[in-house]
Amino acid sequence: MFKKISALTLVLISTFVIAQSNYPNRPITWVVPFAAGGPTDALARSIADVTSRQIGQSIIIDNSPGAGGTIGATKVARANPDGYTFLVGHMGYMGAAPALYKKLNYDPVADFEAVFRFPDTPLVLMVRNDHPAKNVKELYDYAKKNPDQVFMGNAGLGSSSHLIAALVANAAGADVKHVPYKGAGPALIDVVGGQIDGMYDQTNTAFPQITEKRVRALAVTSKTRLPQLKDVPTLNETILPGFEASTWYGIYAPKGTPKIAVEKMQNAFLKAMKDKAYTDKLQAQAIQLLPEQQYLGSSLAKHTEAEVARWKAVAAKSNIAMD
Ligand code: MLT
């Protein structure tokens, strides 16, 4: 009984303080649970920049990597719900993690307030320039004949780079070797350097490496080809008919964060997304805009719940490595 009252008191105090303090009156922190330089970090910094201008306060990115994003998610689940700490969440640690981690120190639904959803990002399968596979079929034929000899980088168990690589390998009947990093950024550096064979990475960070010919793109995870990579086939039209995947993201606050703060942050983002020059920049990176309704915190809350359930079924069906 005492614990409940103290939590309630905490929420009431934070709400009262926020209401009196024309929130936000100091910098806000967004926790990105991967190393700097990856797609989550890059997209978060871009959205934080435009959102901060609307909310009238700076948004500082705190990179807290490790364990596929679950370390950063735990940090925010335990943070003070005062409206100054948020999590940049995504389909891995806020969707698939409960199905993959036997011991998870947070619940993506019960321990967070869903604030707003980002637009989605498809991924590109890239290999090191000197890899013998000339196309996606050759890569997976090689992987089938040589189990655990194709080294695929990812951002940790349950990251989107890991999930997509595992799902595709399972569906193709191949065994690839998963090599975890603290983020897709460090993993991509090793594909460029030839230390590992390849990886799936979101388009916003994959495109520059492909354009500069530092890696070779073999396939995309979108249903149809991307205008920016017209010559790169989809998995759907090559080895996996019907396959489609992209990384979804969202901003979350610790449970109990006052509604005033959640709504102010959400509405600042919605205003930022009305700037066509900005959304054109996102679309140039093949980032897929959503109908405005789907950006709302209420929609993200429903989406998170549905994704946690979906990944439980997916993980049960395919032998994605558990922790
Ligand atoms: C992932 O889930 O692979 C992340 O997008 C990695 C990252 O952003 O660094």
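Bear in mind that the values here come from a model prediction, so they are computed numbers and not experimental data.

Draft legend 1. View of the site of the ligand. In the vicinity of the ligand, the contacting residues are Phe 34, Gly 38, Pro 39, Thr 40, His 90, Ala 155, Ser 159, Ser 160, Ser 161, Gly 183, Ala 184 and Gln 202. Measuring from an oxygen atom of the ligand, one finds a side-chain N or O atom of Gln 202 at 2.8 Å. When the ligand sits alone it has 260 Å² of accessible area, and the protein chains cover 100% of it. For the shell around the ligand, the elements supplying multiple residues, two or more each, are helix 2 (39-55) and helix 6 (160-172).

Draft legend 2. The packing of aromatic side chains, seen in detail. Counted under the stated rule, the structure contains 10 aromatic pairs. Aromatic pair Phe 34 and Tyr 93: ring centres 5.6 Å apart, planes at 70 degrees, arrangement edge-to-face. Placement of Phe 34 in the loop between strand 1 (28-32) and helix 2 and of Tyr 93 in helix 4 (residues 92-100) is noted, with a sequence separation of 59 residues between them. Centroid distance Tyr 106 to Phe 112: 6.0 Å. Interplanar angle 85 degrees. Geometry classified as edge-to-face. Taking relative accessible area as the criterion, Tyr 106 reaches 5% and is therefore assigned buried. Feature note: the residues Trp 30, Phe 116, Phe 118, Tyr 249, Phe 269 and Tyr 295 constitute an aromatic cluster, connected by ring pairs.

Draft legend 3. Expanded view of the domain arrangement of the chain. What the domain assignment lists for the chain is domain 1 (25-120 + 248-317) and domain 2 (122-246). Once you take the C-alpha centre of each, domain 1 and domain 2 turn out to be 24 Å apart. Counting from both sides, the interface comprises 29 residues of domain 1 and, opposite them, 25 residues of domain 2. Both sides of the domain 1 and domain 2 interface together cover about 1,900 Å² of buried area, and 64% of this is carbon and sulfur. In this structure, the connection of domain 1 to domain 2 is made through zero salt bridges. The interface formed by domain 1 and domain 2 contains seven residue pairs in polar contact (both at pLDDT 80 or more). Looking at the side of domain 1 that touches domain 2 residue by residue, the classes come out as 19 nonpolar, nine polar and one charged.

Draft legend 4. Spotlight on the nonpolar core. Judged by nonpolar contacts, the single largest core of 53 residues is most densely connected at Leu 87, Leu 125, Tyr 140 and Tyr 200. Broken down by secondary-structure element, the contributors of at least two residues to this core are helix 3 (70-77), helix 4, strand 4 (112-117), strand 5 (121-128), helix 5 (136-145), helix 6, strand 9 (215-220) and helix 12 (297-317). Each of two domains, domain 1 (25-120 + 248-317) and domain 2 (122-246), supplies a minimum of three residues to this core. Apart from residues lying up to four places away in sequence, Leu 87 is in contact with Val 31, Pro 33, Gly 72, Ala 73, Val 76, Tyr 93, Met 94, Phe 112, Gly 250, Ile 251 and Tyr 252. By size, the runner-up hydrophobic cluster in this structure holds 35 residues, among which are Val 32, Tyr 84, Tyr 249 and Met 273.

Draft legend 5. Layout of the pattern of salt bridges. Enumeration over the complete set of coordinates arrives at 15 salt bridges. We note a salt bridge from Asp 41 to Arg 45, for which the minimum N-O separation is 2.9 Å. With Asp 41 and Arg 45 both in helix 2 and four residues apart, this pair spans about one turn of that helix. Residue classification places Asp 41 among the buried positions, given a relative accessible area of 5%. With relative accessibility at 37%, the residue Arg 45 sits in the partly exposed group.

Criteria and cut-off values
- Residues numbered from 1 in each chain as written.
- Predicted model: local features only at pLDDT ≥ 70, side-chain atom pairs only at ≥ 80, totals over all residues.
- Heavy atoms only, no water.
- Near = heavy atom within 4 Å.
- Polar contact = N/O pair within 3.5 Å; in protein donor to acceptor, adjacent residues only side chain to side chain.
- Areas by Shrake-Rupley, 256 points an atom, 1.4 Å probe, with all protein chains shown as cover.
- Helix = DSSP H or I, 4+ residues; strand = E, 2+ residues; numbered from the N terminus.
- Phe/Tyr/Trp six-rings, centres within 6.5 Å; stacked < 30°, edge-to-face > 60°.
- Buried < 20%, exposed > 50% of the residue type's maximum accessible area, 1.4 Å probe, protein only.
- Domains from an automatic or database assignment.
- Contact = heavy atoms within 4.5 Å.
- Buried area = accessible area lost by both parts, 1.4 Å probe.
- Salt bridge = Lys/Arg side-chain N within 4 Å of Asp/Glu carboxyl O.
- Nonpolar A, V, L, I, M, F, W, Y, C, P; charged D, E, K, R; others polar.
- Core = buried A, V, L, I, M, F, W, Y, C linked by side-chain atoms within 4.5 Å.

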